[in-house]
Amino acid sequence: MLGTAANVQQNRVESKRFTKIIFGGGARVRFFMYLCKNICLPIMDSTFEMVAKTFQGLEEVLAEELRSLGAENVMPGRRMVAFTGTLETMYRANLQCRTALRILRPFFKFRAPDADSLYEHVKEYDWSRILSPDKTFAIDTVSNSDEFRHSRFVTYKVKDAVVDWFRDRDPEGKRPGVRLQEADVLINVHISGTEVTLSLDSSGESLHKRGYRVAQTDAPINEVLAAGIILRSGWRGDCPLVDPMCGSGTFLIEAALIAANINPGIFRRGFAFERWPDFDAELFDRLYNDDSGERPVAHKIYGADISPKAVAIAERNIKSAGVARYIQLERKPLSAWTEAPQPAGVVVTNPPYGERISVDDMDALYALIGTKLKHVFTGYHAWIIGYRDEHFARIGLAPSEKIAMMNGSLECSLREYVIFEGERKDFVRRGGKIGRGEDRPAASERRRYDRADRPDRRDRDDRRRRPDDRRPAATPGERFRRAFDSAAEEPENPLARRRNPHALKMIQGRTPSLKPMEGPLMRPKGWRRKDKNQDQDQ
């Protein structure tokens, strides 16, 4: 549970008064306070549960980032990763994670089958631990429940419960205010069925708002999504990276930050946890100013766009991020690419989808992408995020990997294309790899099938050889018709023409196998309904 600064100070005063009563004054008191400072405080700084939110398709990437920061019990979920850590882990996650949207700290969980139960449970919590009447708060709700279908309704219910808790305890009815922007405390409400989790949002503004963007083109790609795609590709700055349709330069900047290992959170104005009562300013300053992990960039990052306006905007954003020395930017249409930077590297791009941004001929654009990949970017790995399957089909290449991703409200697909010379089997035989292949065995362990290794039909002794007097090989249609050439001549019975001649041949000339019955043939009673007229005659 979280404690306010006032509570912490009150506890310290009471502990001093307690020690004077029990131990008296002097050296014994100082020794006891020493134990409290050096033993009790480290115990209070224990690990706690946290949740990092992200985009669909980036859960494993974020989980790997959190592990590298020292997080424990990392468990990827749907658009989130749960983990445990200390206060330092939380600060690092906000500063250093490239694929996290928010870092939440859950503090209260319960079940609420209806709105009244939700209100009563929220009101039961001791809100003085995280709020005071002179503070402001805001509530963000995510609900996936048949009972709570409207997130705004949940937000109002939770807000009423918090406000009423303070009003019931203050004679003057003072309570914390609600502020939509830059509130002191941000409360996240997550409902799944009847399970309700209240969390503190330690990030504030979404972490995709890095702080370096000073201008943007229409429909720019999200910074977290761009960084996640680059990390998903496996690129870490060890080869050139190219975005031939760079727009406002998001891919270029995120790639430069990854290659130089610059923390993405250093551009932000602040985080929500800086307004918490237990904020450790000394610890955060040490982490913020630590640039020991930064490294030189070995390969250039190349960007281009057909629009002069987009190139100018990208140039401003690149300078704002301080990574201009790592990026080569120019105005250049896709059709003008005749040579790719060497050595072969990675192409990452976000072409228009035909939704918010479109061109006159979308099919021609994607066909041009495929042409340039095949003839210019040979040896590269291309990662393209798109929206429509028919546009991907115009590229004319088979993707080695498909990953479902959300880009805003659009259900998109990220596809990898391995561009190689010659045939696919020759590329694999030379040791080339297509796709990530985590779920597939290694090529050496899989059974290979090569037509060239198959023995010639004429060398197979176990096959009956064709007589020399037989007719030459026939077409499939002729073979089908010849299967019935040996049948008997067409019978005179017209009904037999529709039957299998082979089956008819088997029964021709045979007598019935049943013995003839002796005596008259008796029909069972009730076999036939009697005629009414016949009954009347009888």
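On a predicted model such as this, the values are computed, not experimentally measured, just so you know.

*Asks:* Explain the pattern of salt bridges to me, and be specific about the residues and the numbers.
*Replies:* Counted according to the given criterion, the structure contains 20 salt bridges. Note that Glu88 and Arg286 form a salt bridge whose closest N and O atoms lie 3.9 Å from each other. Placement of Glu88 in helix α4 (residues 87–96) and of Arg286 in helix α9 (residues 281–288) is noted, with a sequence separation of 198 residues between them. When its relative accessible area of 27% is taken as the criterion, Glu88 is described as partly exposed. Close ionic contact of Arg232 with Glu401 constitutes a salt bridge, the shortest N to O distance being 2.9 Å. With Arg232 in helix α7 (residues 223–233) and Glu401 in strand β14 (residues 401–407), this pair connects stretches of sequence that are 169 residues apart. Grouping residues by exposure puts Arg232 and Glu401 together as buried. Each member of the salt-bridge network shares a partner with another, and the members are Glu88, Arg92 and Arg286.

*Asks:* Describe the sheet that holds strand β11 (residues 327–331), naming the residues involved and giving the relevant values.
*Replies:* Strand order in the open sheet made by the seven strands is β11-β10-β9-β12-β13-β15-β14, with mixed pairing throughout. With partners counted over all chains shown, the strands left at the sheet margins are β11 and β14, one partner each. Here the strands of the sheet are splayed against their neighbours by 20° on average, with no regard to which way each runs. Bridge analysis of β14 against strand β15 (residues 410–418) gives seven bridges, and the strand direction is antiparallel. Of the residues in β15, the one forming a bridge with Ile403 is Leu414. Sheet contacts for helix α8 (residues 250–260): β9 (241–243), β10 (301–305), β11 and β12 (346–349); angle to β10, the most-contacted strand, approximately 170°. Where helix α10 (residues 308–321) meets the sheet, it contacts β10 and β11, and its direction lies at approximately 160° from that of β11.

*Asks:* Account for the side chain of Thr99, with residues named and values stated.
*Replies:* Its location among the elements puts Thr99 in the loop between α4 and β4 (102–111). You can call Thr99 buried: its relative accessible area is 0%. Looking at Thr99, its side chain comes within polar contact range of the side chain of Glu65, at 2.4 Å. Excluding residues that lie within four positions of it along the chain, Thr99 makes contacts with Lys53, Thr54, Val61, Leu62, Glu65, Val224, Ala227, Gly228 and Leu231.

*Asks:* An account of helix α11 (residues 362–375) is requested, with residue identities and associated values reported.
*Replies:* In a regular helix each residue adds 1.5 Å, so 14 residues correspond to 20 Å; α11 covers 20 Å between its end C-alpha atoms and thus fits that length. The complete set of buried residues in α11 reads Met362, Leu365, Tyr366, Ile369, Gly370, Lys372 and Leu373. Down the axis of α11, the smallest arc covering the buried residues is 165°, so these residues share one side. In this structure, the buried side of α11 is in contact with β13 (381–386) and α12 (389–395). A side-chain oxygen of the first residue of α11 lies 3.3 Å from the backbone nitrogen of Asp363; this N-cap is Asp361.

*Asks:* Give me the lowdown on α8, citing residues and values where you can.
*Replies:* For α8, the buried fraction is high: eleven of the eleven residues fall into the buried class. Burial in α8 covers these residues: Thr250, Phe251, Leu252, Ile253, Glu254, Ala255, Ala256, Leu257, Ile258, Ala259 and Ala260. Buried positions along α8 lie against α7, β9, β10, α10, β11 and β12. Where α8 terminates, the next one or two residues include Asn261, which has phi positive at roughly 55°.

*Asks:* Give me the lowdown on the nonpolar core, citing residues and values where you can.
*Replies:* In summary, soluble globular proteins display a tendency toward joint burial of nonpolar side chains. Ile229, Trp235, Val323 and Phe377 are the most contacted members of the largest nonpolar core, which totals 64 residues. Every residue in contact with Trp235, bar those within four places of it in the chain, is listed here: Ile230, Pro240, Leu241, Ala255, Ile258, Ala259, Ile301 and Val346.

*Asks:* Go over the environment of Arg179, please, and point to the residues and values.
*Replies:* Relative to the helices and strands, Arg179 resides in the loop between β6 (177–178) and β7 (185–192). Taking relative accessible area as the criterion, Arg179 reaches 42% and is therefore assigned partly exposed. Counting along the chain gives 41 residues from Arg179 to Ala138, while the straight-line C-alpha distance between them is 5.7 Å. What Arg179 contacts, discounting residues up to four positions off in sequence, is Thr136, Phe137 and Ala138. At a separation of 3.1 Å, a polar atom in the side chain of Arg179 contacts the main-chain carbonyl oxygen of Gln181.

*Asks:* Just give me the short version of the sheet that holds strand β1 (residues 48–53), but keep the residues and values in it.
*Replies:* Taken in spatial order, the eight strands make up an open sheet running β2-β3-β1-β4-β8-β7-β5-β6, and their pairing is mixed. At either end of the open sheet lies a strand with only one pairing partner, and these are β2 (72–76) and β6. Alignment of β1 against strand β3 (residues 80–85), held across six bridges, turns out to be antiparallel. Each residue of the ladder has a partner; that of Met50, found in β3, is Phe83. Strand contacts of helix α6 (residues 151–169): β5 (136–144), β6 and β7, with the helix running at about 140° to β5, the strand carrying the most contacts.

*Asks:* Provide a residue-level description of the packing of aromatic side chains, including the pertinent values.
*Replies:* Scanning all chains against the criterion turns up 19 aromatic pairs. With a centroid separation of 4.5 Å and 25° between ring planes, the pair formed by Tyr91 and Phe273 is classed as stacked. Within this pair, whereas Tyr91 is found in helix α4, its partner Phe273 is found in the loop between α8 and α9, the two being separated by 182 residues in sequence. Judged on exposure class, the residue Tyr91 and its partner Phe273 are both buried. Here Phe108 and Phe110 contribute two aromatic rings whose centre-to-centre distance is 5.1 Å and whose plane-to-plane angle is 45°, an arrangement assigned as tilted. On the accessibility criterion, Phe108 (17% relative accessible area) is buried. Chaining the aromatic ring pairs together yields one cluster made of Tyr91, Phe271, Phe273, Phe279, Phe284 and Tyr288. If you follow Lys332 out to its NZ or CZ, it ends over the ring of Trp337, 3.9 Å from the centre. Positioned over the ring face of Phe392 is Arg415, at 4.0 Å from the centre of the ring.

Parameters and conventions
- Residues numbered from 1 in each chain as written.
- Predicted model: local features only at pLDDT ≥ 70, side-chain atom pairs only at ≥ 80, totals over all residues.
- Heavy atoms only, no water.
- Salt bridge = Lys/Arg side-chain N within 4 Å of Asp/Glu carboxyl O.
- Helix = DSSP H or I, 4+ residues; strand = E, 2+ residues; numbered from the N terminus.
- Buried < 20%, exposed > 50% of the residue type's maximum accessible area, 1.4 Å probe, protein only.
- Pairing = 2+ DSSP bridges.
- Axes fitted to C-alpha atoms, helices over the stretch in contact; angles between N-to-C directions.
- Contact = heavy atoms within 4.5 Å.
- Polar contact = N/O pair within 3.5 Å; in protein donor to acceptor, adjacent residues only side chain to side chain.
- Expected span 1.5 Å × (residues − 1).
- Arc of directions from axis to C-beta.
- Core = buried A, V, L, I, M, F, W, Y, C linked by side-chain atoms within 4.5 Å.
- Phe/Tyr/Trp six-rings, centres within 6.5 Å; stacked < 30°, edge-to-face > 60°.
- Lys NZ or Arg CZ within 6 Å of the ring centre and 35° of its normal.

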